Amino acid sequence: DMYEGPDGYFDCNERGFEELASAIAGTVIFAQSTQSLEEEQRLGPGVVIKIPPRHKVVAGVHLINFAPRATSTELRLGLEIVHPEEVETVVAPFRLTYGDLDLKPRADTYFSGECDFRGYAEQAFPGEPFDLQLYWVLPHYHNLGTYFSLETFGGSGDDEMIYELSGFNADANGRAYTPAVDLGDARGFRFTCGFRNPRMENVGWGI
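Scoring rules and cut-offs
Residues numbered from 1 in each chain as written. Predicted model: local features only at pLDDT ≥ 70, side-chain atom pairs only at ≥ 80, totals over all residues. Heavy atoms only, no water. Helix = DSSP H or I, 4+ residues; strand = E, 2+ residues; numbered from the N terminus. Contact = heavy atoms within 4.5 Å. Areas by Shrake-Rupley, 256 points an atom, 1.4 Å probe, with all protein chains shown as cover. Buried < 20%, exposed > 50% of the residue type's maximum accessible area, 1.4 Å probe, protein only. Patch = residues over 30% accessible without salt bridge, like charges linked within 9 Å, V, L, I, M, F, W, Y side chains within 5 Å. Salt bridge = Lys/Arg side-chain N within 4 Å of Asp/Glu carboxyl O. Pairing = 2+ DSSP bridges. Axes fitted to C-alpha atoms, helices over the stretch in contact; angles between N-to-C directions.

1. Details of the overall build of the chain
Part 1 of the reasoning: Helix and strand content of the chain: three helices and 10 strands.
Part 2 of the reasoning: Scanning the chain from its N terminus toward the C terminus, one meets helices and strands in the order α-α-β-β-β-β-α-β-β-β-β-β-β.
Part 3 of the reasoning: Projecting the C-alpha coordinates of the chain onto the three principal axes gives extents of approximately 60 × 45 × 30 Å.
Part 4 of the reasoning: In the chain, 71% of the contacts between residues at least 6 apart in sequence involve partners at least 24 apart.
Part 5 of the reasoning: Accessible surface, the chain: about 14,800 Å² in total, of which carbon and sulfur atoms supply 51%.

So this is what it looks like as C-alpha cells:
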C-alpha cells in the first residue's frame, strides 16, 4: 500500500518515496556500483533474496548526462526467479554508511567506522547464538572517492581484510563470497572510505 499509483516511471517526491522506509517495510534487492553500465548480482548457488508476498518492486535511480546536449537513454533491470526447492539460504541486507563526511579542500581524507553486530545481536536476542555470514559486498562512492576497505574486528583472531578497492572506476565492483565469510568470534565490521577533494570548498555527504 506504499507509493500508490500506476506502474511505470514516477517522481520520487510526488509519491513520498524514501529508500530507508522501503527497506524496512520490504527489503533491498539490488544496488549498483556508481556509473557502471552493467552489473549482475549473483549470490551463489541456493542463496537468494526473498521478496515478500504482495509487494511491489521500486527501482530508484539517478542519472547524469556529461554531454553538452540533451540525450535519450533507457534502463533495464531484470530478476531471475529461483525455484523454492533450490533455495538453501535466504539473505537479508544491511548498509554501512558514514553520513558525517567533511572533505577538506584540496586534501586527501579518510573516514573509518565500526559496527558491533555481535553486541547488537546479544542485546536484541539474549541467549541466542550469534551466527553472521557475509555473502555479498558492494562499495558505493562517487568520483571523489579513492579508497574503500572492509574488515572484521574483535575476537581472538587477527582482523581479516574482506574487501579492498583503490581508486575510482566505472566497473561493476560488487563481489560475491562462496563460501560465505563467517564472522566467527569477531565483533563486527570496520570500514574505511578515502576521498580526494580538489575543490576549494568543503564537501559533505550526498549526491
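Next comes the rest of the account.
2. Things to note about unusual backbone geometry
Part 1 of the reasoning: Cis peptide bonds are those with omega within 30 degrees of zero, and the linkage from Thr 178 to Pro 179 qualifies with 5°.
Part 2 of the reasoning: Here Pro 179 is to be found in strand E8 (residues 175-182).

3. Let's talk about helix H3 (residues 117-124)
Part 1 of the reasoning: By the burial criterion, the buried members of H3 are Phe 117, Arg 118 and Gly 119.
Part 2 of the reasoning: Buried residues belonging to H3 abut strand E4 (107-115) and strand E9 (188-197).

4. Quick look at a nonpolar patch on the surface
Part 1 of the reasoning: A cluster of nonpolar side chains, namely Tyr 9, Phe 30, Val 61, Leu 63, Leu 75 and Leu 77, defines an oily patch on the protein surface of about 680 Å² accessible area.
Part 2 of the reasoning: Examined against the element boundaries, Leu 63 turns out to sit in the loop between strand E1 (47-48) and strand E2 (89-90).

5. A look at the sheet that holds strand E7 (residues 161-166)
Adjacent strands of a sheet form backbone hydrogen bonds with each other and so pair up, either parallel or antiparallel.
Part 1 of the reasoning: Taken in spatial order, the four strands line up as E4-E9-E6-E7 in an open sheet, and their pairing is antiparallel. For this open sheet the edge positions go to E4 and E7, each flanked by a neighbour on one side alone. Between one strand and the next, the sheet's axes are offset by a mean angle of 10°, whatever the strand orientation.

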